[in-house]
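# A structural walkthrough
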Amino acid sequence: MTENKLGITVTNHILMQQQRHGDATGVFTRLLNELIFAAKIISAEVNRAGLAGILGATGRSNVQDEIVRKLDEFAHDLLIERLCRSSHCAVLGSEEDADPIEIPRGYNKGNYVLLFDPLDGSSNIDANVSIGTIFSILRKESPGSDYQMSDLLQPGYKQVAAGYFLYGSSTMMVYTTGNGVSGFTLEPSVGEFLLSHPDITIPERGKIFSANMGYWDYWSQGLQDYFRHLRRTTPDKPVYSCRYIGSMVADFHRTLLYGGVFLYPKDTKDPKKPHGKLRLLYECNPLAMVAEQAGGAASTGEGQRILEIQPEELHQRVPIVIGSKLDVQEAEQFISGQRAQ
Ligand code: P6P
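Keep in mind that what you see is a predicted model, and the values were worked out from it rather than measured.

As a further point, take the pairing of strand S10 (residues 192-197). The two faces of the sheet receive side chains in turn, since in a regular strand these alternate between them. Here 5 bridges tie strand S9 (residues 181-187) to S10, and the two strands are oriented antiparallel to one another. Paired with Thr185 across the two strands is Leu194, which belongs to S10. The hairpin formed by S9 and S10 contains 4 residues between the paired strands, and Gly191 there has a positive phi angle of roughly 70°.

Okay, structure coming up:
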C-alpha cells in the first residue's frame, strides 16, 4: 500500500521529525502540543468572535500603542497559561507585553524560549479578515535556571523551530524545525491538524507583490523604481499583480504558496518607526525561517539576511522583503540603486 502522507496528524509528524533527529525525549513534542492546543481554542474563539460579544476594543492599549482587541488579550493569556503548563519554557516574549514574561512560581521551568505574536493582524479582527499566531522557539543558552535577556535576543538562525497558525477560511498550521516546511489543516470534526501541505516549497519567482502602496510618498527612490518595474511588462517578466491583506500571516502564507514577494520596508511616515512596523523577534524571524526552509529568502532589502540580525531589544522593528528568492534579490538590486528605471 502506498504511503498516504496526507492525513498524518501534526503530533505524529512532530514525533517522526524528532525521532529522525535524535530528540526522542518528547520534550519538544510536548511544547509544540501545548501551542497546538492553544491554537485550537483561539481558532474556535476567532470563528465565533462576532457571536461571543468578544469583539471590540478593550479600551486599553498595549506596548505597541495599538488598541488591544479582546481576542488579542484572550490569545495572549491563553498562550502564556499553556506554555507555562508545558514545564519546558525558561521565559516567554509576547507582542502584547513590554517585558519578558517569567514562568510563575508553581510551574517547572525548562530550556526553551518562546517568542510569539498572539494574534497578528488584530486590526482586521472586526472585519473578519484572516489573522494568525506567529511563534519562534529558541533554546535557552545562559547557565542556571534563571533566564538572561540574551536568551531572548538571539539571532534568527538559532531558532530550533518556527511557524504560524492562520485563522482563515480554514485554520492551518505551518511550521519548520529546520528540515523543510509542512502545512496542516484543522479538521474541526475531529479537532486534529492533518497534514495537507507536505514539503512546502516557494516558487523561485512569482507574479504577485504585496505592500501597502498607500505609503508610496514615504518610500525611497530605489523602492519606487522597483514597484514601477513590477508594474511594467518586460521581455523577461509579466506585469505583476498587487495583493495586500494587511495581516502579515495571511500575506506571507499566500506568498509562500503562490510565490512573489511581501515587503514592509522602512519609510519616513512615522519618525518613531524609522525601520518600518514589523517586529524582528516574533514576526520577521519566524517567517524568515519558514521562507528559507521553503527555498525562499528574507532580507532587510539592503542586503542583510533577516536571520543574521543580532537583536538589541525585545520589540525591535526591522524592514523586511520576504518571498521567492529571485524576487527578493531583484528588490534588493533596485532598493540599493544597482538597478534603476
Ligand atoms: P499597515 C497588522 O497590524 C500588522 O502588524 C501586520 O500583520 C501587517 O502586515 C501590518 O501590520 C499592516 O500594517 O501599516 O499596512 O496597516
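Once the structure has been displayed, the description carries forward.
Here 5 strands make up an open sheet; going across it, the order is S12-S11-S13-S15-S14 and the pairing mixed. Edge positions in the sheet fall to strand S12 (241-242) and strand S14 (297-299), since each of these pairs with one other strand and no more. Alignment of strand S13 (residues 261-264) against strand S15 (residues 320-323), held across 4 bridges, turns out to be antiparallel. Bridged to Val261 within S15 is Gly323.

This brings us to the UniProt feature "binding site: Mg(2+) 2" (unreviewed entry) in the protein chain. The feature "binding site: Mg(2+) 2" (unreviewed entry), as given by UniProt, occupies Asp117, Asp120 and Glu283 in the numbering adopted here. The named residues occupy 167 residues along the chain; their greatest pairwise C-alpha distance, 8.4 Å, places them in one compact cluster. Here Asp117 shows up in strand S5 (residues 112-120). We classify Asp117 as buried; its relative accessible area is 1%. Examined against the element boundaries, Asp120 turns out to sit in strand S5. Classification of Asp120 by relative accessible area gives buried; the value is 5%.

Cut-offs used in this document
Residues numbered from 1 in each chain as written. Predicted model: local features only at pLDDT ≥ 70, side-chain atom pairs only at ≥ 80, totals over all residues. Heavy atoms only, no water. Pairing = 2+ DSSP bridges. Helix = DSSP H or I, 4+ residues; strand = E, 2+ residues; numbered from the N terminus. UniProt positions renumbered as here; feature names shortened; annotations may be inferred. Buried < 20%, exposed > 50% of the residue type's maximum accessible area, 1.4 Å probe, protein only.

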